[in-house]
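The lines below spell out each chain.
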Amino acid sequence: MPPVFAHGRLRLYLLKLLDEAPRHGYEVIRLLEERFQGLYAPSAGTVYPRLSKLEAEGLVTHATEGGRKVYSITEAGRAELADRSGELADLELEIRDSVTELAAEIRSDVRGAAGDLRREMRAAASASATQVGEEDSWQAAKEELRKARQEWKEQARRAKDESRRAREEAQAARRQAREAQDRAREEVQRIAGQLQEQFAKSGGVLGSLAGAWLGGAQGPGADRPSDRASDQPSDRASGWAADLSATGDPARDLDRLLDRFRDEVRDAARDHGVTAARVAEARAHLAAAAARLSTTFGSRP
């Protein structure tokens, strides 16, 4: 019997089935048997240990309903499924190939059984040629042969239908994987454009700090924000946080500005990395900003 799933692939396919809907173990077994049109059905000793291992890894969870465990995929499981979308498409093709091999093996077995049956019929007919009821025996043998041929045709038809369906599902999975990659690429480009626009508009300490981090991420020889004469703080500060309209409460407006400053600095650090040198430079910028703001708030209104 050719292997239906390569090493580790049944685990991935279980995640796919649970991503479609929560299911209990015997429902998973039944679905696998349906996907293979009855040509293959894993045992409970194959499926349940793998479900338990997936749960131990935090990829699935279960709830007890009516005395049975109903398994559901977790967000971690969906993340792994998304990361392995290309591998899942290949798995669909492997399933199609496995079904084709199983069907071919069944056809071979049926042909062999039919050949054996024909030989046995001929031998029985020859041995009973002189016996009473020869015609009845021959008719019974012909009926057995007809049934065997009909069964073979039905199994061959089911295998062909399953092979076609598996090929269509694999093509759809690959198309979905390509579309997901395209959407992810467009989203990354959109975010990168927003960050560039945001950093271009940012002013004061945020513009200097973000420029220093981005400049360090550009590699050796990249210009630092403080080295570019056109990057004046007054120019950058003019448009920073312009979308935050005044609320009429100065204390609340200050909190909103500080929140925006903190979020933009954290985003820049997350996207471009944090090193000891950048932290030291950030400390100097923040100290200067703190001193300047203390002077601003310490002066008379």
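Residues numbered from 1 in each chain as written. Predicted model: local features only at pLDDT ≥ 70, side-chain atom pairs only at ≥ 80, totals over all residues. Heavy atoms only, no water.

Looking at unusual backbone geometry
Argument step 1. Residue Ala-241 is not a glycine yet carries a positive backbone phi of 60 degrees.
Argument step 2. One can find Ala-241 in the loop between helix 8 (233-237) and helix 9 (250-272). (Helix = DSSP H or I, 4+ residues; strand = E, 2+ residues; numbered from the N terminus.)

Quick notes on the packing of helix 1 (residues 9-20) against helix 2 (residues 25-35)
Argument step 1. Helix 2 packs onto helix 1 with a crossing angle of 105 degrees between their chain directions and a minimal axis gap of 11 Å. In this view, helix 1 runs roughly perpendicular relative to helix 2, as classed from their interaxial angle. Here Leu-10, Tyr-13, Leu-14, Lys-16, Leu-17, Leu-18 and Glu-20 of helix 1 come into contact with helix 2, specifically with Val-28, Leu-32 and Arg-35.
Argument step 2. A per-class count over the contact of helix 1 with helix 2 returns 7 nonpolar, no polar and 3 charged. (Axes fitted to C-alpha atoms, helices over the stretch in contact; angles between N-to-C directions. Parallel < 35°, antiparallel > 145°, perpendicular 65-115°, else oblique. Contact = heavy atoms within 4.5 Å. Nonpolar A, V, L, I, M, F, W, Y, C, P; charged D, E, K, R; others polar.)

What to know about the sheet that holds strand 3 (residues 68-73)
Argument step 1. The 3 strands lie next to each other as 1-3-2, forming an open sheet whose pairing is antiparallel. Strands at the two margins of the open sheet, each flanked by one partner only, are strand 1 (23-24) and strand 2 (60-65).
Argument step 2. Judged from the 2 bridges that link them, strand 1 and strand 3 form a sheet pairing that is antiparallel. Residue His-24 lies in a different strand from strand 3, and its bridge partner there is Val-70.
Argument step 3. Across the sheet, helix 1 is in contact with strand 1, strand 2 and strand 3; its angle to strand 3 comes to roughly 95 degrees.
Argument step 4. Helix-sheet contacts for helix 3 (residues 44-56) involve strand 2 and strand 3, and the interaxial angle to strand 2 is about 115 degrees. (Pairing = 2+ DSSP bridges.)

A short note on the packing of aromatic side chains
For any pair of aromatic rings, the description consists of the separation of the ring centres together with the inter-plane angle of the planes.
Argument step 1. Per the counting criterion, the structure on display carries 1 aromatic pair.
Argument step 2. Taking the centre distance of 5.9 Å and the plane angle of 65 degrees together, the rings of Tyr-26 and Tyr-48 count as edge-to-face. Of this pair, Tyr-26 sits in helix 2 while Tyr-48 sits in helix 3; the two residues are 22 residues apart in sequence, bridging distant segments of the chain.
Argument step 3. Its relative accessible area of 27% is what places Tyr-48 among the partly exposed residues. (Phe/Tyr/Trp six-rings, centres within 6.5 Å; stacked < 30°, edge-to-face > 60°. Buried < 20%, exposed > 50% of the residue type's maximum accessible area, 1.4 Å probe, protein only.)

Observations concerning the pattern of salt bridges
Argument step 1. Evaluation of the coordinates by the stated rule reveals 21 salt bridges.
Argument step 2. The residue Glu-20 makes a salt bridge to Arg-35 at a minimum N-O spacing of 3.2 Å. Here Arg-35 lies in helix 2 and Glu-20 lies in helix 1, a separation of 15 residues in the sequence.
Argument step 3. For Glu-20, a relative accessible area of 38% gives the class partly exposed.
Argument step 4. Overall, the relative accessible area of 14% leaves Arg-35 in the buried class.
Argument step 5. Notably, a salt bridge pairs Arg-270 with Asp-271, separated by 3.4 Å at the nearest N-O pair.
Argument step 6. Given a relative accessible area of 35%, Asp-271 falls into the partly exposed group.
Argument step 7. Salt bridges sharing common partners tie together Lys-16, Glu-20, Arg-23, Glu-27, Arg-30, Glu-34 and Arg-35. (Salt bridge = Lys/Arg side-chain N within 4 Å of Asp/Glu carboxyl O.)

What about the nonpolar core?
Argument step 1. Counting residues in each nonpolar core, the largest one holds 23 residues, and the members touching the most others are Leu-14, Leu-15, Leu-18 and Val-28.
Argument step 2. Elements supplying a minimum of two residues to this core: helix 1, helix 2, helix 3, strand 3 and helix 5 (85-127).
Argument step 3. At 7 residues, helix 1 tops the list of elements feeding residues into this core.
Argument step 4. Apart from residues no more than four positions distant in its own chain, Leu-18 is found in contact with Arg-23, Val-28, Leu-51, Val-60, Tyr-71 and Ile-73. (Core = buried A, V, L, I, M, F, W, Y, C linked by side-chain atoms within 4.5 Å.)

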